[in-house]
4 protein chains.
Amino acid sequence: MNPVRIGVLGCGRIGRMHAELIAKQVPNAEAAAVYDVVPDTAAALAEELGTRHAAAPEEILKAEDVDAVAICSPTPTHIDLLMAAAEAGKDAFVEKPLALNLADVDRGIAAAEAAGIAVQVGFNRRFDPSHRYVRDRVDAGELGDVHLVRISSRDPEPPPLMYLDESGGIFCDMTIHDFDMIRFITGSEVTEVYATGAVLIDEAIGEVGDLDTAVIVCTHENGAISTIDNSRQAVYGYDQRVEAFGSAGMAASENPLTATAVTRTADGAHAPTLPYFFLERYIPSYLAEWGAFVEMMEGAPSPVTLADGRAPLVIGLAAWKSVREHRPVRIDEIG
Amino acid sequence: MNPVRIGVLGCGRIGRMHAELIAKQVPNAEAAAVYDVVPDTAAALAEELGTRHAAAPEEILKAEDVDAVAICSPTPTHIDLLMAAAEAGKDAFVEKPLALNLADVDRGIAAAEAAGIAVQVGFNRRFDPSHRYVRDRVDAGELGDVHLVRISSRDPEPPPLMYLDESGGIFCDMTIHDFDMIRFITGSEVTEVYATGAVLIDEAIGEVGDLDTAVIVCTHENGAISTIDNSRQAVYGYDQRVEAFGSAGMAASENPLTATAVTRTADGAHAPTLPYFFLERYIPSYLAEWGAFVEMMEGAPSPVTLADGRAPLVIGLAAWKSVREHRPVRIDEIG
Amino acid sequence: MNPVRIGVLGCGRIGRMHAELIAKQVPNAEAAAVYDVVPDTAAALAEELGTRHAAAPEEILKAEDVDAVAICSPTPTHIDLLMAAAEAGKDAFVEKPLALNLADVDRGIAAAEAAGIAVQVGFNRRFDPSHRYVRDRVDAGELGDVHLVRISSRDPEPPPLMYLDESGGIFCDMTIHDFDMIRFITGSEVTEVYATGAVLIDEAIGEVGDLDTAVIVCTHENGAISTIDNSRQAVYGYDQRVEAFGSAGMAASENPLTATAVTRTADGAHAPTLPYFFLERYIPSYLAEWGAFVEMMEGAPSPVTLADGRAPLVIGLAAWKSVREHRPVRIDEIG
Amino acid sequence: MNPVRIGVLGCGRIGRMHAELIAKQVPNAEAAAVYDVVPDTAAALAEELGTRHAAAPEEILKAEDVDAVAICSPTPTHIDLLMAAAEAGKDAFVEKPLALNLADVDRGIAAAEAAGIAVQVGFNRRFDPSHRYVRDRVDAGELGDVHLVRISSRDPEPPPLMYLDESGGIFCDMTIHDFDMIRFITGSEVTEVYATGAVLIDEAIGEVGDLDTAVIVCTHENGAISTIDNSRQAVYGYDQRVEAFGSAGMAASENPLTATAVTRTADGAHAPTLPYFFLERYIPSYLAEWGAFVEMMEGAPSPVTLADGRAPLVIGLAAWKSVREHRPVRIDEIG
């Protein structure tokens, strides 16, 4: 069949990465056009990838030679672009988080459903081979009923403060991936959240009202309990581990290393570092994510639906409420 | 110097193990006498070890050829025996937990302090080479300031229901080891506890008011946050892992396997099981524990003081209160 | 600077892979043209990559918009194409083995040297991060003097018999990579070879005079001893491990797994498979190989010289002589 | 049943270890008496273990309260003591190597067979859980037909030169364990040996005619090929790995570490050392060895027969001949 022609909206770090993957490595896909709020950024990327750049999102949304859009712009613009895509009848990939408030999310969902467009939300970690291995064990019944999930998810360094300020804070920006993961692994909705945290790395993070260290405990409908720990600064690299424990066994993903090798001397063993950050660790997951998008365009159901995009935001908002009120918060208190 | 002559009080599973280790494997120690509430049990063990058995604890406490006692009897008898040892001027090893209520513990501590006896509490995991490796990294400053501790501590199968009923429940019986460990690893007291749990393995456990699955989050004085997950039934064996994360790195203990080997076939890799339970996993830690006891008898400070025995009980009681009241509980609410 | 424009000669499995990497993923390189003895193969690949195809190698060798050629055609054509590149003044990448006899190799080397073209031989494993980690430990002196090297190098399944027949046999086709590796790791020339082998997988392999299982012991100038074991059929995947042992320690590369994850059940631990073959394992090494080629084109010395291409062939020929005469063979008996 | 009463002949490092294990840790066994050529050594050990010491081996061999003897004296005395045990009708455990020449070994075997005593030879590594795991996989058919075995067997430091001088050299003293292992793993006799080696660690080792670094390739009756590498000085500890590769898969033992833990910092991962030497690594194997001896005394067949003791010596002698004559040597050239 013909390649899926994708227009990329937003050419920042993540948008640029998506555009490059689509243009060069995703089978049966091509980067049909790119747009960025900074025209030169889009123009330079377009030239590099041998595609065209658009002066406005509408130009891409209306183009006949564009089958779908990848919404990779800043979070506050996601929903408006999604609604514009719905209006234009273009299928869409949307980066996480969908938005930082539920009203916006629900507007977007309503529009997408009314228009009948296919939408995939950008929770790439579901496509990481190691995390997926854990989920596959659960799905295959090899672990029996899941009782406990534990995730350590730690970034190598905090983002710029300016970014933090608009990010929705640690729970809606960073932990949101882990909230998605516990739903993905257990296949069960979260019913209650207890969150606690601290500012241990950089006081400036506290001054903008955010946390840099956090622990979250979630209770699921099926009785399972998930724990997540986050840090904005793991000096040893990007630490991403997911574990499921059930009545018949456990499965856990481990960090890949930058090389699979070891040295032994009189001082003990030494092994290489972890990947530095998501670009070093998760490229295979992004590729698989786009492979799934192409399948969705060919008729398969969305692998990460708008409902999957909404649920972790609700958990994130509940986590913030839990921290503020210093108590466990029921999901149905949020909406 | 002369061997330390130890009288063992209580010859159940753990008392028997201690007596055997003292008699056969602990350098510079000997099993001077054994006592059990069931005389035949003590007699059989005495014969097996080539030592004598006593008809009553007092017989051992008053014996001139006994330097110290190992209190390995059921929990409700620990404090009375500790007080009797104090009265007799015998140094003591006491199994955990010291008691299930603080009034008893405090009586025991007062008596021991008044008598000036040396006492070591039986938190053996502090002596496990792998957990100790983690603590040593913290002590050496290699991890910087500790921000997060996470422990998975899972038994292979629940104890008999009858035992559970008098055990103090999961937090005072099982998690108490982990509460000790987070104090040991961080070197910082716990100030607040949030605990949650479920009955997912055996309804009968719930019927006696206990939990079989639990997650506990503790906040420390120094700002660190510890998370513990427990299960009474890990079908793959005794799962005991401790991890410390700090500003300069992380350190983690992993389970040893019953053999260090691997098979690879077309289906992937297969490796051996975990040790079944504490007798299979922790014998080296018990031996080191007794080595430390001998050092204490030779004048070194207690490696696990009565204060170290009291603190985890307070955390355990706070954890129960947290579950009952479904909120985080400050340690100073307990005592 | 301007991208290096590379013409690819030969579009079989390995040539196609190189062309795709050059066209899509190698920074500062582009696939200027492709040629294959089967015109349709070249045409299809050219279309896919958005480049042109040539009707004859000469067309590429003479093209002004081609800076260098990648010689990926069948082994018997390598030297003639290298000589043609030399005559045309084009720098060259040549796949291994250079040829199956030394006279041809020496003709090629003489021509390349006379023309002063830059040449890199395709020993990609030198660029694998894990094997390179081992070499870097040696280079940094962390292992002291190297005493022993051991390599296990096992393919997942034998090549087609027709291919085997013209391959130079296991030592010149497969082990040649390992002969290169022991030179790379030790930095020392081989002086003597003892080789033994068997036909344990497929009798048809024996019928064409080849072996499917082999062990080779090489002595180096500096006294180190290397051992290599090969199998044409590791049913568990592509097994590629290199270990250096020295007076101050050891370093070893381990196989990466297809996912870094583990399952534990009552039966023990289960982990994912190895990568299936070189396309699954070694893409990062091929990319790094091309990165090094671009650097060579920018003036850096060749990372894998023609002398590096010749030496392993000599060792391979000595290995065959060793098997035939059932004795250790000195390298200087070959040439 | 009654404990097996064992008299220990020879109280050097290995004899002392055996005596202690028998006295304290081997179920259903006791150390009935000890003897050493240095009477004070025997007396001190006897007192420590609460047993008696004998003035001469005969005293033990004739004692009615001794069921079997453990021959742990220097190698040159093994056969005479075995013959004396045979004459006395005592079953025997004999340390490796049986002797350094085949005539002696054959005298011993003839005497033992004539007397009908049960004999177990001290190849303890067969009882190591990790190496046994590999053998069990072969036995269970999980690896199919074995094609390749590879062993790395490296000591932490050379023995005293005086010891070396009478040891039979590296092949009969150290590699003999590995020769036993390849027979144990494959279940197939060795038919040919090629050995090579060097003096890279200490010239004094070369001056007594020995090697400190060696590689040995053995061909088996069933077509399998085994490779062994040895070093007398692995500065990182006692390195003991065995791997079997077959038509259906592979299995490998890995070194246990002194703690199962890891540290990660910005510099990469750090893990603990290997066990220092055999006393740190192989105690569990010695215990299992004695468990098997007790079973033999209860009627089970010998787990390591005199034939199993003879075969590796033959391979060792062939290895020396191979080094001297610089060629592969058939086992039937030795005897």
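Above: the structure in question.
Being a predicted model, the structure only gives us computed values, none of them experimental. (Residues numbered from 1 in each chain as written. Chains lettered and ligands numbered in written order. Predicted model: local features only at pLDDT ≥ 70, side-chain atom pairs only at ≥ 80, totals over all residues. Heavy atoms only, no water.)

Colleague: Describe empty space enclosed by the protein, listing the residues and the values that go with them.
Modeller: To find the voids left in a structure, one rolls a probe of water-molecule size over its atoms. Per the counting criterion, the structure on display carries 7 cavities of 30 Å³ or more. Approximately 80 Å³ is the volume found for the largest cavity. As for the largest cavity, its lining consists of Arg150(C), Ile151(C), Val215(C), Thr227(C), Ile228(C), Asp229(C), Arg150(D), Ile151(D), Val215(D), Thr227(D), Ile228(D) and Asp229(D). Listed by contribution, the elements that provide at least two residues to the lining of the largest cavity are strand S7 (146-154) and strand S10 (225-231) of chain C together with strand S7 (146-154) and strand S10 (225-231) of chain D. Here the second largest cavity defines a volume of roughly 70 Å³. Around the second largest cavity, the lining residues are Arg150(A), Ile151(A), Val215(A), Thr227(A), Ile228(A), Asp229(A), Arg150(B), Ile151(B), Ser152(B), Thr227(B), Ile228(B) and Asp229(B). (1 Å grid on protein atoms, 1.4 Å probe; cavity = no way out; pocket = protein on both sides within 12 Å on 5 of 7 lines; lining within 4 Å. Points joined across faces, edges and corners; volume = space filled by probe spheres on them. Helix = DSSP H or I, 4+ residues; strand = E, 2+ residues; numbered from the N terminus.)

Colleague: An account of the relation of the copies chain C and chain B is requested, with residue identities and associated values reported.
Modeller: At an RMSD of 0.0 Å, chain C and chain B line up after a rotation of 180° and a shift of 0.0 Å along the axis. In short, the pair behaves as if placed about a two-fold rotation axis. Taking C-alpha positions as the reference, the residue of chain C nearest the rotation axis is His270(C), at 2.2 Å. Most of the interface of chain C is mirrored in chain B, where 100% of its interface residues again form contacts. (Least-squares fit on C-alpha atoms with pLDDT ≥ 70 in both. Contact = heavy atoms within 4.5 Å.)

Colleague: Give me the lowdown on the interface of chain C and chain B, citing residues and values where you can.
Modeller: Chain C puts 14 residues into the contact, and the matching count from chain B is 14 residues. Of the roughly 1200 Å² buried where chain C meets chain B, counting both sides, 57% is carbon and sulfur surface. Of all residues in chain C, Tyr236(C), Arg264(C) and Ala269(C) bury the most surface against chain B, accounting for 40% of the area lost on that side. Here chain C and chain B share 0 salt bridges between them. There are 4 residue pairs in polar contact (both at pLDDT 80 or more) connecting chain C and chain B. Elements that contribute at least two residues to the side of chain C that touches chain B include exactly strand S13 (261-265) and strand S14 (268-271) of chain C. Broken down by element, the residue count for the side of chain C that touches chain B peaks at 4 residues, all from S14(C). Looking at side-chain class alone, the side of chain C that touches chain B contains 8 nonpolar, 4 polar and 2 charged residues. Judged from the 3 bridges that link them, strand S14 (residues 268-271) of chain B and S14(C) form a sheet pairing that is antiparallel. By the bridge assignment for S14(C), His270(B) is matched with His270(C). (Buried area = accessible area lost by both parts, 1.4 Å probe. Salt bridge = Lys/Arg side-chain N within 4 Å of Asp/Glu carboxyl O. Polar contact = N/O pair within 3.5 Å; in protein donor to acceptor, adjacent residues only side chain to side chain. Nonpolar A, V, L, I, M, F, W, Y, C, P; charged D, E, K, R; others polar. Pairing = 2+ DSSP bridges.)

Colleague: Give me unusual backbone geometry: which residues, what numbers.
Modeller: Glycine aside, a negative phi is what most residues show, and trans is what most peptide bonds show. For the peptide bond that leads from Lys96(B) to Pro97(B), omega is -15°, which places it in the cis range. Turning to its location among the elements, Pro97(B) is positioned in the loop between strand S5 (91-94) and helix H5 (102-115). At Asn28(C), a position not held by glycine, the phi torsion is positive, near 65°. Structurally, the position occupied by Asn28(C) is in the loop between helix H1 (13-24) and strand S2 (29-35).

Colleague: Help me get a handle on the environment of Arg241(B), residues and values and all.
Modeller: Note on placement: Arg241(B) falls in strand S11 (residues 239-246). What Arg241(B) contacts, discounting residues up to four positions off in sequence, is Arg150(A), Glu243(A), Met250(A), Arg150(B), Ile151(B), Ser152(B), Arg154(B), Ser253(B), Glu254(B) and Asn255(B). Polar side-chain contacts of Arg241(B) include one of 2.8 Å to the side chain of Asp239(B).

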